[in-house]
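Each chain, written out:
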Amino acid sequence: MYERATRVIPAGVTRPLRYFEPYPFYAKKAYGSSLVDFEDNVYADFWMGHGALILGHMHPVIVDAVKEQLQLGFHFGVCNEWEVKLAEQVTRLVPSVKMITFNNSGTEANLHAIKLARAYTKRDKIGKLAGHFHGVLEPLFVGGGWPTEEPESAGHDPLSAKNTIVLPTGDPDAIYQTIKKEQMACVILELVVGGASVPADKEFVKGLREVCNDAQTLLIFDEVITGFRLSPGGAQEAYGVTSDLTTFGKAIGGGEFPVGAVGGREDVMELMNSVKHPKKSEQVVRGGTYVGNPLIMRAGYEATKLYEKGDVYKQINRLGSKLIKGLEDAVQDTRANACVTGYGSIAKVHLLKNKIQKKDLKSLVTNADQQAEKNYFRHLLTRGILAMTPSEVHFYVSLPHGEEEIEKTLTATEDFLRSARK
Ligand code: PMP
């Protein structure tokens, strides 16, 4: 399958992070916390659809809702009740979101969020934090790592990021000063940086809120990963800080489908009101053939009702903290040059080249031992464990995961760390 793929798809994969040596496996089916490949190997899946599947694969409530919708039609092109119901649901769960609109991906949601901010503030510059990821949208696909000047992709319009200011993650004072000085339309950030699984400092985020208020710069939380993963109200509920705009993806559509959404303050979102602002120069214009698709909206509605009940978080956060604690013990017991970060149901062991003083994003990323990460990924795979990304191994715990899968991951990690020290 891989050989066939390489002839027709670049590198044989639809995105680079799905590639690993000697070749990726191909999934045949998935259920609960398991993924099955073409050779019928079963993996405990912590990749979990790029973190989207909080409820696991094929949750019966989602499957039933989707089956029912399939009988009724699944691409209408016109309005449907499920987009309204999902919007009502999200605005109830996430207090800063008074209005919301849906699209097909997190990347697209961020595109709209920036446009809203620019239209609202009538400013051009935007701020993003170094090392934070917001999809492959040109103005935001810069400064994803260190050095921040390094291009993230070939083929970018050299002018596409001329209004983007990459803010120095880990240096709150410098960030606050730049916001005060630069008259930016918005600052966008992740509250828990996905791949590296590093939570932003709470005091820093509170300070950012105040500085953005003073500078009349909109604060955008990219909750594409954290939305509904950390709590029904997203990371912002867990942090106790509200944004002006929030972007969602993944879990907002139940996790099984392509989706994105941007929501926030009514006065900002109203710039998308095509009835109120018929002139295109005054309206943030939306598009998309499949936006608000009834299948996805219905799955999202059912999923958010389950998130709302709260027992999901009791379970995934309990197992998440067990995993984080167990990984920390494994690092300590083996005295490996590694450390652990995480939040709630997101966990990561960082395998390091050098000793670091502080577990901050920049130190962790710039000292990552990429070869060791690849070896760790493969080690886990041979033990029947699929962690997320072959070059930045981390884990998403979801509802169907059990104690046994956590134990198995901890044992495999401890064995790896022990053998890597030899
Ligand atoms: N923002 C964050 C924080 C993400 O992690 C991602 C993707 N993992 C995106 C945006 C882009 O979302 P999508 O892949 O749905 O375009």
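Given the structure is predicted, the values throughout are model-derived calculations rather than measurements. (Residues numbered from 1 in each chain as written. Predicted model: local features only at pLDDT ≥ 70, side-chain atom pairs only at ≥ 80, totals over all residues. Heavy atoms only, no water.)

*Asks:* Any chance you could break down the overall build of the protein chain for me, citing the residues and the numbers?
*Replies:* Along its length, the protein chain carries 13 helices and 16 strands. Taking 22 Å as the expected radius of gyration for a compact globule of 422 residues, we find that the protein chain reaches 21 Å, a close match to that expectation. Dimensions of the protein chain along its principal axes, counting C-alpha atoms only, are 65 × 55 × 45 Å. A total of 422 residues make up the protein chain; the buried ones form 53% of that total. (Helix = DSSP H or I, 4+ residues; strand = E, 2+ residues; numbered from the N terminus. Rg over C-alpha atoms; globule rule 2.2 N^0.38 Å. Buried < 20%, exposed > 50% of the residue type's maximum accessible area, 1.4 Å probe, protein only.)

*Asks:* Help me get a handle on the site of the ligand, residues and values and all.
*Replies:* Inspection of the region around the ligand gives Ser105, Gly106, Thr107, Asn110, Phe133, His134, Gly135, Glu190, Asp222, Val224, Ile225 and Lys250 as its neighbouring residues. For the ligand, a nitrogen atom lies 2.7 Å from a polar atom in the side chain of Asp222. Between a nitrogen atom of the ligand and a side-chain N or O atom of Lys250, the distance comes to 2.9 Å. Relative to its unbound accessible area of 390 Å², the ligand is 84% covered by the protein chains. Counting residues per element, the shell around the ligand draws most heavily on helix H4 (residues 106-121), which supplies three residues. Looking at the shell around the ligand residue by residue, the class counts come to three nonpolar, six polar and three charged. (Near = heavy atom within 4 Å. Polar contact = N/O pair within 3.5 Å; in protein donor to acceptor, adjacent residues only side chain to side chain. Areas by Shrake-Rupley, 256 points an atom, 1.4 Å probe, with all protein chains shown as cover. Nonpolar A, V, L, I, M, F, W, Y, C, P; charged D, E, K, R; others polar.)

*Asks:* Describe the sheet that holds strand E16 (residues 394-396), and please don't skip the residues or the numbers.
*Replies:* One open sheet accounts for three strands, arranged E13-E14-E16; its pairing is antiparallel. Looking along the sheet, the strands with just one partner apiece sit at the ends: strand E13 (338-343) and E16. The mean angle between the axes of side-by-side strands here comes to 15 degrees, regardless of whether they run parallel or antiparallel. The pairing of strand E14 (residues 346-351) with E16 spans three bridges and is classified as antiparallel. Paired with Ala347 across the strands is Phe395, a residue of E16. Contacts from helix H10 (residues 311-334) reach E13, E14 and E16, with the element oriented near 170 degrees to E13. (Pairing = 2+ DSSP bridges. Axes fitted to C-alpha atoms, helices over the stretch in contact; angles between N-to-C directions. Contact = heavy atoms within 4.5 Å.)

*Asks:* Tell me about the pattern of salt bridges, residues and numbers included.
*Replies:* Tallied over the full model, the rule gives 19 salt bridges. For Arg209, the salt bridge goes to Asp244, with nearest N and O atoms at 2.9 Å. Of this pair, Arg209 sits in helix H6 (residues 202-215) while Asp244 is found in the loop between helix H7 (234-239) and strand E11 (245-249), placing the two residues 35 residues apart along the sequence. Summarising the burial analysis for this pair, Arg209 and Asp244 share the class buried. Where salt bridges share partners, they join Arg209, Asp244, Arg265 and Asp267 into one cluster. (Salt bridge = Lys/Arg side-chain N within 4 Å of Asp/Glu carboxyl O.)

*Asks:* For the packing of aromatic side chains, give the residues involved together with the corresponding values.
*Replies:* Under the counting rule described, the total for this entry stands at 13 aromatic pairs. Following the ring pairs from residue to residue traces out a cluster consisting of Phe20, Phe25, Tyr43 and Phe377. The ring of Trp82 has Lys85 lying over it, and the distance from NZ or CZ to the ring centre is 4.3 Å. Over the ring of Tyr239 we find Lys202; its NZ or CZ atom is 5.5 Å from the centre of that ring. (Phe/Tyr/Trp six-rings, centres within 6.5 Å; stacked < 30°, edge-to-face > 60°. Lys NZ or Arg CZ within 6 Å of the ring centre and 35° of its normal.)

*Asks:* So what about the side chain of Ser345? Which residues, and what values?
*Replies:* Relative to the assigned elements, Ser345 resides in the loop between E13 and E14. Within polar-contact distance, the side chain of Ser345 engages the side chain of Arg229 at 2.8 Å. Excluding anything up to four places from it in sequence, Ser345 contacts Arg229, Ile316, Asn317, Gly320, Phe395, Tyr396 and Val397.

*Asks:* Give a description of the environment of Gly77 that names residues and reports values.
*Replies:* Along the chain, the position of Gly77 falls in the loop between helix H2 (60-72) and helix H3 (81-93). Counting along the chain gives 216 residues from Gly77 to Asn293, while the straight-line C-alpha distance between them is 7.5 Å.

*Asks:* Explain the state of the cysteines to me, and be specific about the residues and the numbers.
*Replies:* Per the stated rule, a full pass over the model turns up zero disulfides. Considering cysteine sulfurs only, Cys186 is the nearest to Cys212, which forms no disulfide, with 9.0 Å between them. (Disulfide = S-S within 2.5 Å.)

*Asks:* I'd like a rundown of unusual backbone geometry, residues and numbers included.
*Replies:* The linkage connecting Glu21 with the following residue, Pro22, adopts the cis geometry, with an omega of -5 degrees. Among the structural elements, Pro22 can be located in the loop between helix H1 (2-8) and strand E1 (27-31). Of note, the amide linkage connecting Trp146 to Pro147 takes the cis form, showing an omega dihedral of -5 degrees. Locating Pro147 in the fold gives a position in the loop between strand E5 (126-129) and strand E6 (164-167).

*Asks:* Describe the side chain of Thr101, naming the residues involved and giving the relevant values.
*Replies:* When you line up the elements, Thr101 lands in strand E4 (residues 99-103). Classification of Thr101 as buried rests on a relative accessible area of 9%. Separated by 2.9 Å, the side chains of Thr101 and Arg286 make a polar contact. In this structure Thr101 touches Gly260, Ala261, Val262, Met269, Met272 and Arg286, once residues within four positions along its chain are discounted.

*Asks:* Explain the domain arrangement of the protein chain to me, using residue names and the numbers behind them.
*Replies:* Split into domains, the protein chain comes out as domain 1 (2-58 + 311-421) and domain 2 (73-309). Between domain 1 and domain 2, the residue contacts involve 33 residues of the former and 32 residues of the latter. Across the interface of domain 1 and domain 2, roughly 2,600 Å² is buried in total on both sides, 63% from carbon and sulfur atoms. Of all residues in domain 1, Tyr313, Tyr343 and Leu361 give up the largest surface area on contact with domain 2, accounting jointly for 29% of the area buried on that side. (Domains from an automatic or database assignment. Buried area = accessible area lost by both parts, 1.4 Å probe.)

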